[in-house]
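Chain by chain, the residues:
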Amino acid sequence: EAEVAQSPRYKITEKSQAVAFWCDPISGHATLYWYRQILGQGPELLVQFQDESVVDDSQLPKDRFSAERLKGVDSTLKIQPAELGDSAMYLCASSSTLSGSTDTQYFGPGTRLTVL
Amino acid sequence: LAKTTQPISMDSYEGQEVNITCSHNNIATNDYITWYQQFPSQGPRFIIQGYKTKVTNEVASLFIPADRKSSTLSLPRVSLSDTAVYYCLAAGGYNKLIFGAGTRLAVHP
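Each chain has its residues counted from 1, following the order in which its sequence is written. Labels are handed out in written order, letters beginning with A for the chains and numbers beginning with 1 for the ligands. Totals for whole chains, interfaces and linings use all residues, but because this is a predicted model, local features are given only for residues with pLDDT of at least 70 and pairs of side-chain atoms are given and counted only at 80 or more. Side-chain measures were taken over the full set of non-hydrogen atoms in the model, leaving aside hydrogen atoms and water.

K.L.:
What should I look at first to understand the pairing of strand β6 (residues 53-56) of chain A in this one?
P.N.:
Along a regular strand, successive side chains alternate from one face of the sheet to the other. Residues and elements named next belong to chain A. Only when DSSP finds a minimum of two bridges between them are two strands counted as paired. The helix count covers DSSP runs of H or I at least four residues long, the strand count covers runs of E at least two residues long, and both are numbered beginning at the N terminus. The pairing of strand β5 (residues 44-50) with β6 spans three bridges and is antiparallel. Directly across from F49, in β6, lies its bridge partner V54. Between β5 and β6, which follow one another and run antiparallel, lie two residues, and D51 among them has a positive phi close to 55°.

Here's what the structure looks like:
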């Protein structure tokens, strides 16, 4: 069964450093999502791509976070500089269409970020 | 976007049927109800989705009454491996999914 790949699985960094996460969606999936999940809470959407275009980044802290999906396939989420409050699980998901909430989203295993 | 309310936690024992009820009083006409399951240190996994009446798959059943203001996820004969967080979401069209805190289900031997 095809899966969403993410790397690294774990990242420890010091505040003010830059970090980057990578996601490879299921082949053929046009829509890619980045979520942030704080311990004990549900995932929160940060950014949504349709192919290489951003569809929704209303919850992305643009002063320090950036995301790109240059060729409409894999994607990178960057944080610069990292802050203590950024410690969380960063999840990537993909779906085959832009039908939004009715389309099944397939999640990757996530990247656990710890900022010291 | 319809706000959903579900119990924070539930306990059950192996072999029992578990029903998790979700309230979505403000559900819109084009909203679907979707349930995801999440194990520790993993991403959520789609379980089931429905619009009205009853939907069943190999994992669970979803019951939605006619007024659609609530829904019930039914897990038959749970095992220890069903211990997880279960999220109920109600959204439709191009609206994004909004996850709440979910229901933490603990299955005991």
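K.L.:
Explain the sheet that holds strand β7 (residues 70-75) of chain B here, please?
P.N.:
Two modes of strand pairing occur in sheets, parallel and antiparallel, and in both the strands are linked by backbone hydrogen bonds. All names here are of chain B. The sheet built from four strands is open, its strands ordered β2-β7-β6-β5 with antiparallel pairing. The open sheet has two free edges, formed respectively by β2 (18-23) and β5 (53-56), since each of these has just one partner strand. Here the strands of the sheet are splayed against their neighbours by 15° on average, with no regard to which way each runs. Where strand β6 (residues 61-64) and β7 come together, three bridges link them in antiparallel fashion. Of the residues in β7, the one forming a bridge with S61 is S74. Here, axes are lines fitted to C-alpha atoms. For helices the fit covers the stretch in contact, and angles between N-to-C directions go from 0 to 180 degrees.

K.L.:
I keep staring at the sheet that holds strand β1 (residues 9-13) of chain B and nothing clicks. Help me out?
P.N.:
Residue and element names in this part refer to chain B. Read from one edge of the open sheet, five strands run β1-β9-β8-β3-β4, paired in mixed fashion. Strands at the two margins of the open sheet, each flanked by one partner only, are β1 and β4 (45-50). Across the sheet, the mean angle separating the axes of adjacent strands is 25° when strand polarity is ignored. Bridge analysis of β1 against strand β9 (residues 103-108) gives five bridges, and the strand direction is parallel. Following the sheet pairing, S9 is matched in β9 by R104.

K.L.:
Looking at this structure, how should I read the interface of chain B and chain A?
P.N.:
It is common to give the size of an interface as the accessible area that goes away when the parts come together. Contacts between residues were defined by any pair of non-hydrogen atoms, one from each residue, lying within 4.5 Å. With 22 residues of chain B at the interface, the matching set in chain A holds 24 residues. Accessible area, probed at 1.4 Å, shrinks when two parts are joined; the buried area is that loss added up over both. Summing the contributions of chain B and of chain A, the shared interface buries around 1,700 Å²; its carbon and sulfur component is 51%. The largest share of the area that chain B buries against chain A comes from K96, L97 and F99 of chain B, three residues that together contribute 29% of it. Salt bridges are defined by distance alone: a side-chain nitrogen of Lys or Arg within 4 Å of a carboxyl oxygen of Asp or Glu. Viewed at the interface, chain A and chain B are joined by zero salt bridges. Polar contacts, as used here, are pairs of N or O atoms within 3.5 Å; protein pairs need one atom able to donate a hydrogen and one able to accept it. Residues neighboring in sequence count only if both atoms are side-chain atoms. The tally of links from chain B across to chain A stands at four residue pairs in polar contact (both at pLDDT 80 or more).

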